[in-house]
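# Summary of the model geometry
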Amino acid sequence: MSDEEHHFESSDAGASKTYPQQAGNIRKGGYIVIKGRPCKVVEVSTSKTGKHGHAKCHFVAIDIFTSKKLEDIVPSSHNCDVPHVNRVDYQLIDISEDGFLCSHFFITLAFLLTDNGSTKDDLKLPTDEALLTQLKSGFEEGKDIVVSVMSAMGEEQMCALKEVSPK
């Protein structure tokens with residue numbers, strides 16, 4: 001037995017941010033990791049097996065956070081990384097007016113209420129101008145707003161909102 005103490009600095013539960021899936025089984029509307037980014041597949045085409053190789057899948061996908069178009073070609077029998085994508089709804093309770101300075105960017109945060117009654121205060125406002133305008137105008141008018149937050153591979157972003165009528 002050793003008298004050394006072991007110190008572990010990791011704070012996650014050891015869950016992977018992605019899982020493998022055979023390229024031939026990934027369909028339009030599914031998710032895939034291309035160039036290290038989580039993407040939603042918008043088009044899949046499969047070429048036939050050639051004289052010297054595998055059938056290949058050509059993926060056209062949109063990054064779920066930046067909306068950039070990415071493409072990849074993978075042999076259909078090989079595995080691709082597929083991100084674990086979660087979507088959670090939160091009630092908006094406040095928008096910080098002062099923001100704070102972080103790496104030379106002025107960041108304004110949204111304060112959200114979780115299902116268990118605690119607050120989530122580490123989410124930046126969306127970069128999508130239409131969504132941002134709808135969020136701010138609804139909040140200023142005093143409407144009850146529920147925002148959908150999509151998370152994958154350690155990133156999260158507000159992706160949609162809806163107004164709810166008080167009960």
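Since the structure is predicted, the reported quantities are computational estimates derived from the model, not experimental observations.

Counted by the stated rule, this structure contains five salt bridges. The residue Lys143 makes a salt bridge to Glu141 at a minimum N-O spacing of 2.9 Å. Judged by its relative accessible area of 35%, Lys143 falls in the partly exposed class. Glu163 serves as the salt-bridge partner of Lys143, at 3.5 Å between the closest nitrogen and oxygen.

Take unusual backbone geometry next. Although it is not a glycine, Ser67 adopts a positive phi angle of roughly 65°. Mapped onto the elements, Ser67 comes out in the loop between strand E4 (56-63) and strand E5 (69-75). Residue class for Ser67 comes out exposed when judged on its relative accessible area of 54%. If you check the backbone angles, Met153 has positive phi at about 55° while not being a glycine. Checked against the element boundaries, Met153 lands in the loop between strand E12 (144-152) and strand E13 (155-164).

Next up on the list: the side chain of Asp63. Locating Asp63 in the fold gives a position in strand E4. Overall, the relative accessible area of 3% leaves Asp63 in the buried class. Here Phe65 takes part through its backbone nitrogen, which lies 2.8 Å from a polar atom of the side chain of Asp63. In contact with Asp63, not counting residues within four places along its chain, are Arg37, Pro38, Cys39 and Lys68.

For the rest of this paragraph, the subject is the environment of Ser47. Take Ser47: it is sitting in the loop between strand E3 (37-46) and E4. Overall, the relative accessible area of 36% leaves Ser47 in the partly exposed class. In this structure the C-alpha to C-alpha distance between Ser47 and His58, which are eleven residues apart in sequence, comes to 8.0 Å. Setting aside residues no more than four positions away along its own chain, Ser47 makes contact with Ala55 and Lys56.

Along the chain, Ser76 turns up in the loop between E5 and strand E6 (79-83). Owing to a relative accessible area of 18%, Ser76 belongs among the buried residues under this scheme. Not counting residues up to four positions away in its chain, the partners in contact with Ser76 are Gln22, Ala23, Gly24, Ala55, Lys56 and Cys57.

A few words now on the layout of surface pockets. What the largest pocket holds in volume is close to 270 Å³. The wall of the largest pocket is formed by Phe65, Thr66, Asp122, Leu123, Lys124, Leu125, Pro126, Thr127, Glu155, Glu156, Gln157 and Met158. Elements represented by at least two residues in the lining of the largest pocket include exactly strand E11 (119-124) and E13. Ranked by residues supplied to the lining of the largest pocket, first place goes to E13 with four residues.

Attention now goes to the confidence of the model for the chain. When pLDDT is averaged along the chain, the result is 82, and 81% of the positions lie at 70 or above. This model gives residues 99-107 a pLDDT under 50, and the stretch forms twelve contacts once residues within four places in sequence are excluded.

Here we have four strands laid out as an open sheet, ordered E2-E3-E4-E5, and antiparallel in their pairing. Either end of the sheet is taken by a strand with one partner, and the two such strands are strand E2 (31-34) and E5. On average, each strand axis in the sheet is inclined to that of its neighbour by 45°, with strand direction left out of account. Direction of pairing for E3 relative to E4: antiparallel, over a ladder of seven bridges. Its bridge partner lying in E4, Val44 is registered against Phe59.

What counts and what doesn't
Residues numbered from 1 in each chain as written. Predicted model: local features only at pLDDT ≥ 70, side-chain atom pairs only at ≥ 80, totals over all residues. Heavy atoms only, no water. Salt bridge = Lys/Arg side-chain N within 4 Å of Asp/Glu carboxyl O. Buried < 20%, exposed > 50% of the residue type's maximum accessible area, 1.4 Å probe, protein only. Helix = DSSP H or I, 4+ residues; strand = E, 2+ residues; numbered from the N terminus. Polar contact = N/O pair within 3.5 Å; in protein donor to acceptor, adjacent residues only side chain to side chain. Contact = heavy atoms within 4.5 Å. 1 Å grid on protein atoms, 1.4 Å probe; cavity = no way out; pocket = protein on both sides within 12 Å on 5 of 7 lines; lining within 4 Å. Points joined across faces, edges and corners; volume = space filled by probe spheres on them. pLDDT = per-residue confidence, 0-100. Pairing = 2+ DSSP bridges. Axes fitted to C-alpha atoms, helices over the stretch in contact; angles between N-to-C directions.

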